[in-house]
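# Residue-level structure breakdown
As a plain string of letters, each chain reads:
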Amino acid sequence: MTKQRVHVFITGKVQGVFFRQAMKVMATKNGVFGWVKNLKDGRVEAVMEGEDLNVSRVVEWCHAGPANARVEDVEIRNEKYKEEFSKFEVLY
């Protein structure tokens, strides 16, 4: 299987709604590694690596997020796969 790395920025009501924690659960469930964090401008930023299909599932989830989120936009940047991570973590 092909592996990929994506860098995403999620805009909308995405802070204070357990977005990062829910994303960690989704990523871990799908065997995706990387990190997620809040940005000072109100967006959520994440870098994810893994099998194409698994990363795509998590990116698709980002378009809706957890129940209380209101996602307005998901900016996706494809990056060179680095096999840099061994887990998915929430950064503070």
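Residues numbered from 1 in each chain as written. Predicted model: local features only at pLDDT ≥ 70, side-chain atom pairs only at ≥ 80, totals over all residues. Heavy atoms only, no water.

Quick note on the threshold: UniProt positions are given in the numbering used here, feature names are shortened, and annotations may be inferred rather than shown by experiment.
An unreviewed UniProt entry lists the protein chain under the name Acylphosphatase, with Candidatus Nitrosotenuis uzonensis as the source organism. Entered under Catalytic activity (unreviewed entry) in the UniProt record, the comment concerning the protein chain runs "an acyl phosphate + H2O = a carboxylate + phosphate + H(+)".

### Some remarks on the overall build of the protein chain
Selection criterion: Helical segments are the DSSP runs of H or I of at least four residues, strand segments are the runs of E of at least two, and each set is numbered from the N terminus. Both definitions apply: the radius of gyration is a C-alpha atom measure, and the globule rule equals 2.2 Å times residues to the power 0.38. Per-residue accessibility, obtained with a 1.4 Å probe over protein chains only, is compared with the maximum for each type, and a residue is labelled buried under 20%, exposed over 50%, and partly exposed between these values. Contacts are assigned to residue pairs with any non-hydrogen atoms lying within 4.5 Å of each other. Areas reported here follow the Shrake-Rupley algorithm with a probe of radius 1.4 Å; residue values treat only the protein chains shown as occluding.
Regarding its fold elements, the protein chain presents two helices and five strands. In summary, the protein chain has a C-alpha radius of gyration of 12 Å against a globular reference of 12 Å for 92 residues, a match within 12%. Based on the C-alpha atoms only, the size of the protein chain along its principal axes is roughly 35 × 20 × 20 Å. Expressed as a percentage of its 92 residues, the buried residues of the protein chain come to 43%. Across the protein chain, every contact between residues at least 6 apart in sequence was considered, and the portion connecting residues at least 24 apart equals 79%. Counting only carbon and sulfur atoms, one obtains 50% of the accessible surface of the protein chain, whose full area is about 5400 Å².

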